[in-house]
Amino acid sequence: MRVLLVGAGGVGTAITRIAARRDFFGHFVVADYDLARAEAAVAAVGAGAGRFVARRIDASDEAAVAALLAEERCDVLLNATDPRFVMPLFEAALAADSHYVDMAMSLSRPHPGRPYAECGVKLGDEQFARAEAWEKSGRLALVGMGVEPGLSDVFARYAADELFDEIEEIGIRDGANLTVEGYDFAPSFNIWTTIEECLNPPVVYERDRGWFTTEPFSEPEVFDFPEGIGAVECVNVEHEEVLLVPRRVEARRVTFKYGLGEDFIAKLKTLHALGLDSTEPVTVRGADGTPVQVSPRDVVAACLPDPATLGERMAGKTCAGTWVKGTKDGRPREVYLYHVVDNQWSMREYGSQAVVWQTAVNPVVALELMASGVWTDAGVLGPEALPPRPFLDLLTAYGSPWGVREQG
């Protein structure tokens with residue numbers, strides 16, 4: 001396999017470090033708008049750098065990306081940028097006759113009249129609208145293949161295939177006990193994406209209603225996370241699993257709830273109240289008095305520490321998982337399938353903080369399954385559309401096991 005990775009930030013760099021230990025590919029191009037960042041990601045893999053090359057690319061330039069795919073004869077484009085660049089990269093891969101993998105899907109737009117009741121443009125709608133073209137190409141666009149979405153979808157499919165006869169509810173539940181020394185506010189993941197998913201209207205799926213929206217941070221519940229993380233309050237957040245899982249897995253209800261904490265929620269609400277979550281450019285004056293167009297959300301991101309640099313100051317664990325409630329052999333059953341990463345372990349083993357490492361490992365596992373022909377299909381598909389057991393077995397073989405906890 002020949003791979004083009006676009007995006008050499010925290011997750012992209014972690015991807016290179018994980019992939020360098022595997023032998024399923026022969027050529028791996030690391031491309032970023034900042035060439036120095038791509039070169040640093042390649043240098044970080046050390047002895048395995050011979051299969052890697054750094055290139056500069058503008059992820060918004062569809063034609064340039066397609067040309068780079070052709071020039072480097074890449075079989076697959078792995079998108080590790082933020083969701084703003086999903087569509088040009090997705091279309092570039094189709095134009096270049098390459099497979100495509102991302103970890104976040106095309107952006108949503110709230111309903112213009114009833115944003116907290118009805119869906120407008122849903123996450124992934126723009127990509128699924130192109131499904132027929134991908135099917136005709138014979139190529140696979142594997143969308144939402146990170147940890148959440150991604151591994152969480154694999155868990156949902158595994159539960160449906162092997163653990164339940166009938167499913168009442170599938171609920172993705174994410175929580176952590178991570179702390180960052182020396183910072184009052186230092187998100188452990190890309191703040192641009194975090195603002196997008198936390199302040200947009202959350203989507204809920206119910207079989208009798210279809211997809212609908214609620215108020216941000218609605219339906220708070222306390223969920224007990226495993227391996228010492230403990231009880232964390234979780235709230236509804238917009239996320240791809242709610243749009244993906246019901247396409248392939250029968251369930252009466254599907255939700256996504258994130259353990260944000262009161263302080264984080266309060267800060268997000270303040271950003272929204274001040275308009276600092278907006279992506280629309282505003283005019284400010286530079287140091288020389290010249291007017292400059294700048295997005296308020298980009299300013300917030302620039303003022304906060306890069307999550308990829310926080311690993312040495314972080315302590316604790318992060319947990320991603322899928323809670324499933326239903327019946328098996330006529331009896332009620334409730335389980336939580338989960339994946340926990342300890343920051344101390346991920347820093348020691350890979351030099352990557354826990355949240356970005358946990359996100360990065362899953363697309364690498366998926367690429368290996370695609371390279372070996374175990375995961376093969378055409379069209380626009382989420383992870384829940386493909387066999388779950390090979391993925392879970394290979395994830396364990398990567399040295400990162402998953403668990404199942406019976407609830408109640």
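Before any of the text, the structure's been laid out above.
Per chain, the residues get numbers from 1 upward, laid out in the order the sequence is written. The model is predicted, so local features are restricted to residues of pLDDT at least 70 and side-chain atom pairs to those at 80 or more, both for listing and for counting; the totals for chains, interfaces and linings are taken over all residues. Only heavy atoms go into the side-chain values, all of them from the structure, while hydrogens and water stay out.

## Observations regarding the nonpolar core
To define a nonpolar core, start from buried Ala, Val, Leu, Ile, Met, Phe, Trp, Tyr and Cys residues and group those joined through side-chain atoms within 4.5 Å. Each residue gets one of three labels from its accessible area relative to the maximum for its type: buried under 20%, exposed over 50%, partly exposed in between, using a 1.4 Å probe on protein chains only. Counting 91 residues, the largest nonpolar core has I15, I170, W375 and F391 as its most contacted members. Working rule for contacts: check all heavy atoms of both residues, and any pair within 4.5 Å makes them a contact. Leave out the neighbours within four places in its chain, and F391 touches M145, L151, V154, N362, V365, A366, L369 and W375. In this structure, A31, V65, A66 and Y100 belong to the second largest nonpolar core, which totals 28 residues.

## What about empty space enclosed by the protein?
A cavity here means a set of points on a 1 Å grid, drawn over the protein atoms and nothing else, where a 1.4 Å probe fits but cannot get out; a pocket is an open set with protein on both sides within 12 Å along at least five of seven lines, and a residue lines either one if it has an atom within 4 Å of a point. Grid points are joined across faces, edges and corners, and a volume is the space filled by probe spheres set on the points. The full count for this structure, using the stated rule, is 1 cavity of 30 Å³ or more. Reported here for the largest cavity is a volume of approximately 90 Å³. Along the wall of the largest cavity there are 16 residues; nearest its centre are S108, P201, V203, T213 and E238. Charged residues are taken to be Asp, Glu, Lys and Arg, nonpolar residues to be Ala, Val, Leu, Ile, Met, Phe, Trp, Tyr, Cys and Pro, and polar residues to be all remaining types, Gly included. Partitioning the lining of the largest cavity into residue classes produces 7 nonpolar, 5 polar and 4 charged.

## Details of the sheet that holds strand β5 (residues 99-102)
Should DSSP find at least two bridges between two strands, the strands are taken to pair. Labels follow the DSSP assignment, with helices taken as runs of H or I lasting at least four residues and strands as runs of E lasting at least two, numbered in each case from the N terminus. Taken together, the 7 strands give an open sheet; going across it, the order is β3-β2-β1-β4-β5-β6-β19, and neighbouring strands pair in parallel fashion. The open sheet is flanked by β3 (52-56) and β19 (379-381), the only strands paired with a single partner. Across the sheet, the axes of successive neighbouring strands diverge by a mean angle of 20°, strand direction being ignored. Pairing geometry for strand β2 (residues 27-32) and β3, over 5 bridges, is parallel. Opposite D32, over in β3, you have R56 as the bridge partner. To get an axis, fit a line to the C-alpha atoms, keeping to the stretch in contact for a helix; angles then go from 0 to 180 degrees between the N-to-C directions. Against the sheet, helix α2 (residues 35-43) engages β2 and β3, with an angle of about 170° to β3.

## Notes on the layout of surface pockets
The volume enclosed by the second largest pocket comes to roughly 290 Å³. If you trace the second largest pocket, you find 16 residues lining it, with P110, E196, N200, D277 and R297 closest to the centre. Sorting elements by how many residues they give to the lining of the second largest pocket places helix α8 (residues 191-199) first, with 4 residues. Its residues assigned to classes, the lining of the second largest pocket shows 7 nonpolar, 4 polar and 5 charged.

## Focus: the pattern of salt bridges
A carboxyl oxygen of Asp or Glu within 4 Å of a side-chain nitrogen of Lys or Arg is what we treat as a salt bridge. Applying the stated criterion across every chain, the model contains 28 salt bridges. Close ionic contact of R297 with E196 constitutes a salt bridge, the shortest N to O distance being 2.9 Å. Of the two residues, R297 sits in helix α11 (residues 296-303) while E196 sits in helix α8, which places them 101 residues apart along the sequence. For E196, a relative accessible area of 11% puts it in the buried group.

## Overview of the packing of helix α7 (residues 151-163) against helix α14 (residues 388-397)
Closest axis-to-axis distance for the α7/α14 pair is 9 Å, and the angle between their directions is 125°. It follows that α7 is oblique to α14 by the angle criterion. Handedness of the crossing formed by α7 with α14: left-handed. Here L151, V154, F155, R157, Y158, D161 and E162 of α7 lie close against α14, whose contacting residues are P388, R389, F391, L392 and L395. Here the contact of α7 with α14 is built from residues that sort into 8 nonpolar, no polar and 4 charged. For this classification, under 35 degrees means roughly parallel, over 145 means roughly antiparallel, 65 to 115 means roughly perpendicular, and everything else is oblique. By the definition used in this description, the sense in which the near helix is turned from the far one sets the handedness, with an anticlockwise turn below a right angle giving left-handed and a clockwise turn giving right-handed.

## A look at unusual backbone geometry
Look at the link from E148 to P149: it is a cis peptide, with omega at 0°. Examined against the element boundaries, P149 turns out to sit in the loop between β6 (140-142) and α7. Look at D97: it is not a glycine, yet its phi comes out positive at around 60°. You can call D97 partly exposed: its relative accessible area is 41%.

## Details of the environment of F185
Structurally, the position occupied by F185 is in the loop between β8 (179-180) and α8. Excluding its chain neighbours within four sequence positions, the residues that come into contact with F185 are F264, K267, L304 and P305.

## Concerning helix α3 (residues 62-71)
Regarding α3, the residues found buried are V65, A66, L68 and L69. Looking straight down α3, one finds its buried side chains confined to an arc of 160°; they lie on one side. For α3, the exposed residues set more than 90 degrees away from the buried face come down to A63, A70 and E71. Turning to α3, the residues buried within the fold contact β1 (2-6), β2, β3, β4 (76-79) and α4 (86-95). The first or second residue beyond α3 is R73, which carries a positive phi of 55°. Along the arc lie the directions from the helix axis toward the C-beta atoms.

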